[in-house]
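Fold and geometry: a report
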Amino acid sequence: MATVISFSALSPAAQLLAVRPLRRDMVRRLGPSDASLLWWRQAVLAADPVLEWSADRGTAIVRRGQALLDRVARCYLVTRPPVPDLIDEELLALLP
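Treat the numbers as computed from the prediction; the structure is a model and nothing was measured.

Further remarks concern the pairing of strand β3 (residues 59–64). Two strands pair when backbone bridges link them, and strand β2 (residues 50–54) and β3 are joined in this way by five bridges, in the antiparallel orientation. Bridging from a neighbouring strand, Val50 pairs with Arg64 of β3.

Shown next as C-alpha cells:
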C-alpha cells in the first residue's frame, strides 16, 4: 500500500531507499550524475517533495514539488557536458 508523505517525514533509512528510484527517474530525464547517493539524499531533503511512497515495492513517485526537485538536481547533481573553450579550439586549429 502506498503512502503520501513528505520526504523529510520518512526515516533516514526510508529516505535512502526512496532516493534510489527518484535518482533513477531524474537521471533518465535530466542526464548523468556523478553525485553519490548521500548527495542525492541531501538534495531531495532540501527540496522536500511530497511522495507517493511504497516501502514494500521500493517505489517513490513525486506528487508535489517536482519542479523544485528538478531545479536542485540540475544545479547540483547532474553532470554537465563540458563546454568547448573557443580559444582552445582556435589554438588547436593553428597546430600543424
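Once that is clear, we can look at helix α3 (residues 66–76). Those residues of α3 that sit buried are Leu69, Asp70, Val72 and Ala73. Projected onto a plane normal to the axis of α3, the buried residues spread over an arc of 160 degrees and lie on a single side. Structural note: α3 exposes Ala67 and Arg71 on the side pointing more than 90 degrees away from its buried face. On the buried face of α3, the contacting elements are α1 (12–30), α2 (37–47) and β3.

Moving on, we get to the confidence of the model for the protein chain. Taken residue by residue, the protein chain gives an average pLDDT of 85. The fraction at 70 or more is 88%. The least confident element of the protein chain is helix α4 (residues 86–94), whose mean pLDDT is 68; the most confident is α2, at 92.

Pairing within the open sheet is antiparallel, and its three strands lie in the order β1-β2-β3. Only two strands of the sheet have a single neighbouring strand rather than two, namely β1 (3–6) and β3. Within this sheet the neighbouring strands show an average axis-to-axis angle of 35 degrees, counted without direction. Alignment of β1 against β2, held across four bridges, turns out to be antiparallel. Residue Thr3 lies in a different strand from β2, and its bridge partner there is Trp53.

With 22 residues, the main nonpolar core has Phe7, Leu10, Ala18, Trp40, Leu51 and Ala73 as its most contacted residues. Counting residues per element, the ones that place at least two in this core are α1, α2, β2, β3 and α3. Per element, the largest residue contribution to this core is six residues, and it comes from α1.

Attention now moves to the side chain of Ser33. By the secondary structure assignment, Ser33 is in the loop between α1 and α2. Here Ala35 takes part through its backbone nitrogen, which lies 3.1 Å from a polar atom of the side chain of Ser33. Setting aside its immediate chain neighbours within four residues, Ser33 contacts Arg23, Val27, Trp40, Leu77, Val78 and Thr79.

Here Gln15 is to be found in helix α1. Here the side chain of Gln15 touches Arg41 through a polar contact of 2.8 Å, side chain to side chain. Residues contacting Gln15, with those up to four places away along its chain left out, are Phe7, Ser8, Leu10, Arg41 and Leu45.

Cut-offs used in this document
- Residues numbered from 1 in each chain as written.
- Predicted model: local features only at pLDDT ≥ 70, side-chain atom pairs only at ≥ 80, totals over all residues.
- Heavy atoms only, no water.
- Pairing = 2+ DSSP bridges.
- Helix = DSSP H or I, 4+ residues; strand = E, 2+ residues; numbered from the N terminus.
- Buried < 20%, exposed > 50% of the residue type's maximum accessible area, 1.4 Å probe, protein only.
- Arc of directions from axis to C-beta.
- Contact = heavy atoms within 4.5 Å.
- pLDDT = per-residue confidence, 0-100.
- Axes fitted to C-alpha atoms, helices over the stretch in contact; angles between N-to-C directions.
- Core = buried A, V, L, I, M, F, W, Y, C linked by side-chain atoms within 4.5 Å.
- Polar contact = N/O pair within 3.5 Å; in protein donor to acceptor, adjacent residues only side chain to side chain.

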